[in-house]
Amino acid sequence: MTRCPNDQIRVSTVICRNCQTEIADKALICYRCGTATTEARFKPAALPRRSSSSLITHVLIILVLLIGPFYLEGTVTDATSRVYGWTAVAIAVVIVAVRAYLRRR
């Protein structure tokens, strides 16, 4: 802002590089098109990359949960215990699969 000889206040302006609108030189973005008037000083932090080891771990857990009942089936004699065992395995597999899916997003 500068004073002109006849006591008028003059505002310094620049031209938007995108839409050629006249904007104040202190403006951070163009009011018309939203283009930034300067380059960003700081870049946003990069998101940490997830390793594939967590996926491998989840796959191994699911395999153990699926193979385990076949091993234990020989030790259980009544049908009710088998049903409970397979139900528990199914619930555990679903929980691990959902957890793995949510961690990948």
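This report concerns the structure included in the present document.

Criteria and thresholds
- Residues numbered from 1 in each chain as written.
- Predicted model: local features only at pLDDT ≥ 70, side-chain atom pairs only at ≥ 80, totals over all residues.
- Heavy atoms only, no water.
- Helix = DSSP H or I, 4+ residues; strand = E, 2+ residues; numbered from the N terminus.
- Contact = heavy atoms within 4.5 Å.
- Areas by Shrake-Rupley, 256 points an atom, 1.4 Å probe, with all protein chains shown as cover.
- Salt bridge = Lys/Arg side-chain N within 4 Å of Asp/Glu carboxyl O.
- Buried < 20%, exposed > 50% of the residue type's maximum accessible area, 1.4 Å probe, protein only.

1. Regarding the overall build of the protein
Then, number 1: Each helix and strand counted, the protein has 2 helices and 4 strands in total.
Then, number 2: Counting helices and strands in the order they occur from the N terminus, the protein gives β-β-β-β-α-α.
Then, number 3: The long-range fraction of contacts in the protein, counting pairs at least 24 apart against all pairs at least 6 apart in sequence, stands at 22%.
Then, number 4: Accessible surface computed for the protein: about 9300 Å², of which carbon and sulfur atoms make up 62%.

2. A word on the pattern of salt bridges
Then, number 1: All chains considered together, the criterion is met by 1 salt bridge.
Then, number 2: For Arg 17, the salt bridge identified is with Glu 39, shortest N-O distance 3.4 Å. Of this pair, Arg 17 sits in the loop between strand E3 (13-15) and strand E4 (22-24) while Glu 39 is found in the loop between E4 and helix H1 (53-73), placing the two residues 22 residues apart along the sequence. Each member of the pair Arg 17 and Glu 39 is classed as exposed.

3. Focus: unusual backbone geometry
Then, number 1: The residue Gln 20 is not glycine, and still its phi comes out positive at about 60°.
Then, number 2: Within the secondary structure, Gln 20 sits in the loop between E3 and E4.
Then, number 3: Assessed through its relative accessible area of 51%, Gln 20 is described here as exposed.

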